[in-house]
Each structure stands twice: as C-alpha cells, then as structure tokens.
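Structural description and commentary
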Amino acid sequence: MTAKQKNLEDIFLQKIDAEVKIEPKDWMPDAYRKTLVRQISQHAHSEIVGMLPEGNWITRAPSLKRKIGLLAKVQDEAGHGLYLYSAAETLGTSRGEMMDALNTGKAKYSSIFNYPTITWADIGAVGWLVDGAAIMNQVMLTRTSYGPYARAMVRICKEESFHQRQGFDIMMTLCNGTAQQKAMAQDALNRWWWPSLMMFGPSDSESQHSEQSMIWKIKRKSNDTLRQQFVDAAAEQAKVLGLEIPDPELQWNEEKGCHDFGSINWDEFWQVVKGNGICNRDRMKARVDAYETNGSWVREAATAYAKKQSQSSIHKVA
Amino acid sequence: MKAEWPLWEVFVRSKAGLHHQHVGSLHAADEQMALENARDVYTRRQEGISIWVVKSEYITASSPEEQSSFFDPAEDKVYRHPTFYDIPDEVKHM
Ligand SMILES: [Fe+2]
Ligand SMILES: [Fe+2]
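Now for a quick tour of the structure. Keep in mind it's a predicted model, so treat the numbers as computed, not measured.

With that settled, the discussion passes to the interface of chain A and chain B. It is common to give the size of an interface as the accessible area that goes away when the parts come together. At the interface, 23 residues of chain A touch 20 residues of chain B. Across the interface of chain A and chain B, roughly 1800 Å² is buried in total on both sides, 51% from carbon and sulfur atoms. On the chain A side of the contact with chain B, Lys-25, Leu-82 and Arg-155 of chain A bury the most area, a combined 26% of that side's loss. If you look at where chain A meets chain B, you find four salt bridges. Note that Arg-44 of chain B and Asp-76 of chain A form a salt bridge whose closest N and O atoms lie 2.7 Å from each other. Connecting chain A to chain B are 12 residue pairs in polar contact (both at pLDDT 80 or more). For the side of chain A that touches chain B, the elements supplying multiple residues, two or more each, are helix 4 (64–89), helix 5 (95–103), helix 7 (147–175) and helix 13 (296–317) of chain A. Ranked by the residues each element gives to the side of chain A that touches chain B, the list is headed by helix 4 of chain A, at seven residues. Looking at the side of chain A that touches chain B, its residues break down into six nonpolar, six polar and 11 charged.

Moving on: the coordination of the iron ion (ligand 2). Residues and elements named next belong to chain A. Looking at the metal site, the iron ion (ligand 2) is ligated by Glu-77 (OE), Asp-131 (OD), Glu-160 (OE), Glu-160 (OE) and His-163 (ND1), spaced 2.0 to 2.7 Å from it. Coordination of the iron ion (ligand 2) draws on donor residues from a single chain, spaced E-x53-D-x28-E-x2-H in sequence. In this structure, the iron ion (ligand 2) is positioned 3.3 Å from the iron ion (ligand 1), and both are ligated by Glu-77. In this pair, Asp-131 is assigned in helix 6 (residues 120–141) and Glu-160 in helix 7, connecting sequence segments 29 residues apart. Comparing Asp-131 with Glu-160, the two get one shared label, buried.

We now examine the coordination of the iron ion (ligand 1). Geometry reference: four tetrahedral donors at a metal, ideal angle 109.5 degrees. Six octahedral donors, ideal angles 90 or 180 degrees. Residues and elements named next belong to chain A. Distances from the iron ion (ligand 1) to its protein donors, namely Glu-47 (OE), Glu-77 (OE), His-80 (ND1) and Glu-160 (OE), fall within the range 2.1 to 2.3 Å. Geometry at the iron ion (ligand 1) is irregular, judged from its four donor atoms and the angles of 82 to 157 degrees they form at the metal. Written as a sequence motif, the donor arrangement for the iron ion (ligand 1) is E-x29-E-x2-H-x79-E.

The next thing to look at is the packing of helix 4 of chain A against helix 6 of chain A. Residue and element names in this part refer to chain A. One can describe the packing of helix 4 onto helix 6 by two numbers: an axis separation of 13 Å at closest approach and a directional angle of 45 degrees. Taken as axis vectors, helix 4 and helix 6 run oblique relative to one another. Note that helix 4 runs across helix 6; the crossing there is left-handed. Listed contacts from helix 6 to Arg-66, Leu-70, Lys-73 and Glu-77 of helix 4 are Trp-120, Ile-123, Gly-127 and Asp-131. Of the residues assigned to the contact of helix 4 with helix 6, the class counts are three nonpolar, one polar and four charged.

How each quantity is defined
- Residues numbered from 1 in each chain as written.
- Chains lettered and ligands numbered in written order.
- Predicted model: local features only at pLDDT ≥ 70, side-chain atom pairs only at ≥ 80, totals over all residues.
- Heavy atoms only, no water.
- Contact = heavy atoms within 4.5 Å.
- Buried area = accessible area lost by both parts, 1.4 Å probe.
- Salt bridge = Lys/Arg side-chain N within 4 Å of Asp/Glu carboxyl O.
- Polar contact = N/O pair within 3.5 Å; in protein donor to acceptor, adjacent residues only side chain to side chain.
- Helix = DSSP H or I, 4+ residues; strand = E, 2+ residues; numbered from the N terminus.
- Nonpolar A, V, L, I, M, F, W, Y, C, P; charged D, E, K, R; others polar.
- Donors = N, O, S within 2.8 Å, 3.2 Å for Na, K, Ca; no water.
- Buried < 20%, exposed > 50% of the residue type's maximum accessible area, 1.4 Å probe, protein only.
- Tetrahedral: all angles 85-135°; square planar, octahedral: opposite > 155°, others 65-115°.
- Axes fitted to C-alpha atoms, helices over the stretch in contact; angles between N-to-C directions.
- Parallel < 35°, antiparallel > 145°, perpendicular 65-115°, else oblique.
- Left-handed = near helix turned anticlockwise from the far one by under 90°.

Remember that the coordinates give geometry; whether it matters functionally is a separate question.
See below:
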C-alpha cells in the first residue's frame, strides 16, 4: 500500500468512526465498494423477484379491497427495486450488468421467494412475516454507512409498514372467520415460519461477510440479533391472531429476556440457495421472459421513438 | 451489453413554498417518460406537486478530493456571521 493510499484509507475509516456517511464520489476501499454492489444489487433483485409470488394472487384476490391493497404493495416493491438499483449504480455498476447477473443466475436474491404462494392465506403470511422480517433488516440499514443506500432505505421503510399491516389484516380476517379459514391461516404460518427465520442469513458464527461489514458499518446488527428481534415480535403477534408458531421449543426465557427457539434447518436453506427450492426455476424463467422475451423490444422501441422525436425537434428548430 | 436508457436525476417539490429536492434517479428513454416514471415511483403517496427531471450527464459536480481547497475561501470569514458583532444587551432584538 502506498503512503497516499494509506492516508485515504485512514480518512475513510475516520469518517466511518465519526458516523459521517460515505458518498458516491468519495474515496473508498475497493472491497467496501464490491461488498456494497453485491449487497445492494442482491437486495434490489429480491424486491423485484419478490413481486412474483404475490403477483400470483392479484387476479384472484377475494375482494376489490384486497386486490387494490395487494396491487399497491406489489407496485411498491417495484419502486424499492428501482431505488436500490439506482443506489448501486452510484458505485459504478450499470443496470444492464446487474440485470445480466440476475438473469444468468450469477447474482442471488432472497431465497424466501423460491417458496410458492399456494393459498390466499399465504399472501397474509408473506405480508406479516416476510415483510416483517425484511423491515427488521431494513430499519437497521437506514443507518448504514453508504449515503445513497441509507437514503433508499429511509424511503423503503416508510412504505414497508403498510405492507406488513395489510398482511396482518388478512391473517386477522381469516383467524376471525370460519374454522376452515382459520386452519388456512395456520397452515400458511406453518409453511412460512421457518423460511422467514432463514431470511436473516446464516448464524453469526457461519456468516462469511458479516464481520467486515460490521466494521464498515454497512451492517449495524448481526444476523442472529435481528433474527431474535423478529422472533420476539412475531411470537406476540401470533398470540393476537390466536395462531400457534410451529416450533415446540419456542418459549419465553425470563432470565435472558427473550424467546428461546428451535434450531433452523440450514440444510434446507443451502439447498434453496443452490437453486433447488420449489420455485427457483419458475422465478428465473419469469424474470428472463420479462426482461428478454417480452421486455427487450419494448425498450428498443422506446429508444427508437425518443431518437425520432429528438430528430424531428431539431428539424423544427432549424 | 445492450445500450441502456439514459439516467435522469429526479427533483420533487413537496409543497408550494419549498425548494425542489433531489429524491433519486431513474432510467428513461426521453423526458416525457422520465417525468411519468418519476411520478409513478417517487410520488405514489402525494409526496409532490411538481417534478423536475434532468439527465444526469448534464450535472457538473464539485470533486470531493478538492473539497477543502474548494470551500476554503469561506473558512476564515467569521465576520459574515451575526455573532461576530457585539451589541449591548439593551438592544433586545437585532
Ligand atoms: Fe420492499
Ligand atoms: Fe414490502
């Protein structure tokens, strides 16, 4: 490392220490930039792929009220994807590069979206648990050290709370309905509970990127800390619904002041990450179809139209 | 890699009497699409009453490396601030 570089690195670390945000044109270590591009683009991909399991139910929502609510939520997720892609682009990657990485399977997205939404109750469970888990993570990220990422998170968090509430409201309605409807809600909880806990990523002892990310204040809380927060909140919420969380080991630990819970099936987690989840292939196909088969001609046509318009306005001026 | 739509910066005035403020960016083929997309992503909950979009390539920015030298003309000019001037206590508001 040259003296100049050492000096730049010191300034960078001093800023991180002093809670001064890092902005796009500021000097930053290559590894910091790379970590951010990886994390922010994965986060963006998750927002976009996350539209698919819920989009599945827009046309079959049980009432107009539910339909407009779900439609608005899914539309928000598209916006979240956009804010995040834009934040990643400030680091020198391009939208096309990120799209290619997603469509070729080089980049990952949250594994939770590789599970199917097979009943209407799943839409309730996804809003309540999946958005709930995402919020835990995203609230932490509003304080992340990279300015554009933190600002995107502030916008996103403002919109997310409606997502979780509309999900909880769906669960609430089902739980106050017929025995059959309540059973449907319980079934959805049974299937979504463990995958939701996996959303926080591997245990702190196993997580490969965590330590450096904490030093750089990209992450401010560890995977296990966030997971615990989520379990504690959801355990109380399940009581309000009158549903049972599918974990016989879940119980309040007076001494620790938090819940104990059973161990996660990490084997399943890694299987889904590796592409062997129920919906991995469907999700990838839907994305590639949207971007390539059905999307590329639209983008080309818009470019051609814009070019023609600007040429004809030049003629008018001349 | 295929050609991308240009990048635009989006500025939103949240209500009359306030400045337009930078809220983010997006890609669009032309200005009309940029405005409409900006409306759809950045003002879905009535966050604005007016939007500016400008192609990012037209923005000239000061460089962070020269931050201290660029802004140092203002550094030693305490006399530009009201507290530099002592006014007797009897003079209540000035
Ligand atoms: Fe989201
Ligand atoms: Fe959401």
